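Residue-level structure breakdown
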Amino acid sequence: MTKKERNRHFINISIGCVLFILGITGISDEYYALMACVGGATFFANGVLPFFSNFYYRSPKRRKKYEERLHKRKINYIDERKKFLRDKAAHVSYMFMWMILLLLAFILTLLKVEWWVAAMLAGLSVLQYLIASVAFFYLERKM
Amino acid sequence: MKNRLEELRKQRGIKQEELAEAVQVSRQTIGSLENGRYNPSILLAFKLAGYFGVTIEDIFIYEEDAE
């Protein structure tokens, strides 16, 4: 585990503790207190689990297996074909979500649900399109 | 685009895994390249050519009709 990773885990643990303590003692509203506790527990678990994992993989036999797994993960991350496939999958997912949001907004309008629900869904599809366009123009200028 | 990757690899008695490790890609990518399902970037093409000690043109054969 590198120093940078260790620091990141300590930050997660600290945020987790602060949120959890805040949830137990600092927030009077039960709903928000529970939210803070759950958020705190998540951060805490995120920070603590890597230390256990690091401890578990200390033995040389496990260490070798672990390093192989890390190496495989790194290769899969930098592999250009997999990067290309990930980008393609993201594009398919983007198109799919865009259509689903618009379709859902239309169906909900037909079902006469409250106007803001349908408007929010339609707004989300527009926002998704705008973010994609801005990202595209930014990337095009950079390249 | 056709390629002679499998031929060159087998000539040298190298496994897909070893070639993949040498050029820092996954074994599946080598498989896809050999089957012609995936065309590599110029960077990967240079890495492969460098590994086999040949030119890119010796491995990859560009066919205009295939585009």
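Residues numbered from 1 in each chain as written. Chains lettered and ligands numbered in written order. Predicted model: local features only at pLDDT ≥ 70, side-chain atom pairs only at ≥ 80, totals over all residues. Heavy atoms only, no water.

It is worth spelling out the overall build of chain B at this point. Looking only at helices and strands, one finds five helices and two strands in chain B. Against the globule reference of 11 Å for 67 residues, chain B gives a C-alpha radius of gyration of 11 Å, in line with a compact fold. Expressed as lengths along the three principal axes of its C-alpha atoms, the size of chain B is roughly 35 × 20 × 20 Å. Pairs at least 24 residues apart make up 52% of the contacts formed inside chain B by residues separated by at least 6 positions. Summing over all exposed atoms, chain B offers an accessible surface of approximately 4100 Å²; the carbon and sulfur share of this is 47%. Charged side chains in chain B number 9 positive and 12 negative. The centres of these two groups are separated by 7 Å. (Helix = DSSP H or I, 4+ residues; strand = E, 2+ residues; numbered from the N terminus. Rg over C-alpha atoms; globule rule 2.2 N^0.38 Å. Contact = heavy atoms within 4.5 Å. Areas by Shrake-Rupley, 256 points an atom, 1.4 Å probe, with all protein chains shown as cover. Lys, Arg positive; Asp, Glu negative; His and termini not counted. Charge placed at Lys NZ, Arg CZ, Asp CG, Glu CD.)

Another aspect to go through is the pattern of salt bridges. One pass over the full model with this rule turns up four salt bridges over all chains. R63 of chain A is the partner of E67 of chain A in a salt bridge, and the nearest nitrogen-oxygen pair spans 3.5 Å. Of this pair, E67 of chain A and R63 of chain A both sit in helix α3 (residues 60-78), four residues apart, which is roughly one turn of that helix. By relative accessible area, which is 44% here, E67 of chain A ends up partly exposed. We classify R63 of chain A as partly exposed; its relative accessible area is 23%. The partner of R4 of chain B in a salt bridge is E7 of chain B, and the shortest N-O contact between them spans 3.2 Å. Judged by its relative accessible area of 26%, R4 of chain B falls in the partly exposed class. (Salt bridge = Lys/Arg side-chain N within 4 Å of Asp/Glu carboxyl O. Buried < 20%, exposed > 50% of the residue type's maximum accessible area, 1.4 Å probe, protein only.)

The next subject is the interface of chain A and chain B. On the chain B side, the residues contacting the 10 residues of chain A number 11 residues. Interface of chain A and chain B: buried area, both sides summed, is about 860 Å²; carbon and sulfur atoms make up 45% of it. Connecting chain A to chain B are zero salt bridges. Among the secondary structure elements, those contributing two or more residues to the side of chain A that touches chain B are α3 and α4 (80-110) of chain A. In terms of residue count, α3 of chain A provides more of the side of chain A that touches chain B than any other element does, five residues in total. Split by residue class, the side of chain A that touches chain B holds three nonpolar, two polar and five charged. (Buried area = accessible area lost by both parts, 1.4 Å probe. Nonpolar A, V, L, I, M, F, W, Y, C, P; charged D, E, K, R; others polar.)

One pass over the full model with this rule turns up eight aromatic pairs over all chains. Ring plane angle 40 degrees and centroid distance 6.3 Å describe the contact between F84 of chain A and Y38 of chain B, whose orientation is recorded as tilted. Here the residue F84 of chain A occupies a position in helix α4, and Y38 of chain B occupies one in the loop between α3 (27-35) and α4 (42-52), the pair thus bridging two chains. Assessed through its relative accessible area of 12%, Y38 of chain B is described here as buried. The interplanar angle of 80 degrees and the centroid separation of 5.3 Å between the aromatic rings of Y51 of chain B and F52 of chain B together place this pair among those described as edge-to-face. Here a set of aromatic residues connected by ring pairs shows up, and it is made of Y56, Y57 and Y66 of chain A. In this arrangement the basic side chain of R62 of chain A is found over the ring face of Y56 of chain A, its NZ or CZ atom lying 4.1 Å from the centre. (Phe/Tyr/Trp six-rings, centres within 6.5 Å; stacked < 30°, edge-to-face > 60°. Lys NZ or Arg CZ within 6 Å of the ring centre and 35° of its normal.)

This part takes up the UniProt feature "transmembrane region" (unreviewed entry) in chain A. Here the UniProt feature "transmembrane region" (unreviewed entry) sits at residues 9-27, 33-57, 91-111 and 117-139 of chain A. In the segment residues 117-139 of chain A, helix accounts for 100% and strand for 0%; the C-alpha atoms at its two ends are 33 Å apart. (UniProt positions renumbered as here; feature names shortened; annotations may be inferred.)

This part takes up the packing of α4 of chain A against helix α5 (residues 115-142) of chain A. Relative orientation and spacing of two packed helices are given, respectively, by the angle between their axes and the distance between those axes. Residue and element names in this part refer to chain A. Put simply, α4 and α5 touch, their axes get as near as 8 Å, and they point 160 degrees apart. Considered as vectors, α4 and α5 are oriented roughly antiparallel to each other. Of the two elements, α4 crosses α5, and the hand of that crossing is left-handed. Of the residues in α5, those in contact with Y94, M97, W98, L101, L102, L104, A105, L108 and T109 of α4 are V117, A118, L121, A122, L124, S125, Q128, Y129 and A132. For the contact of α4 with α5, the per-class residue count stands at 15 nonpolar, three polar and no charged. (Axes fitted to C-alpha atoms, helices over the stretch in contact; angles between N-to-C directions. Parallel < 35°, antiparallel > 145°, perpendicular 65-115°, else oblique. Left-handed = near helix turned anticlockwise from the far one by under 90°.)

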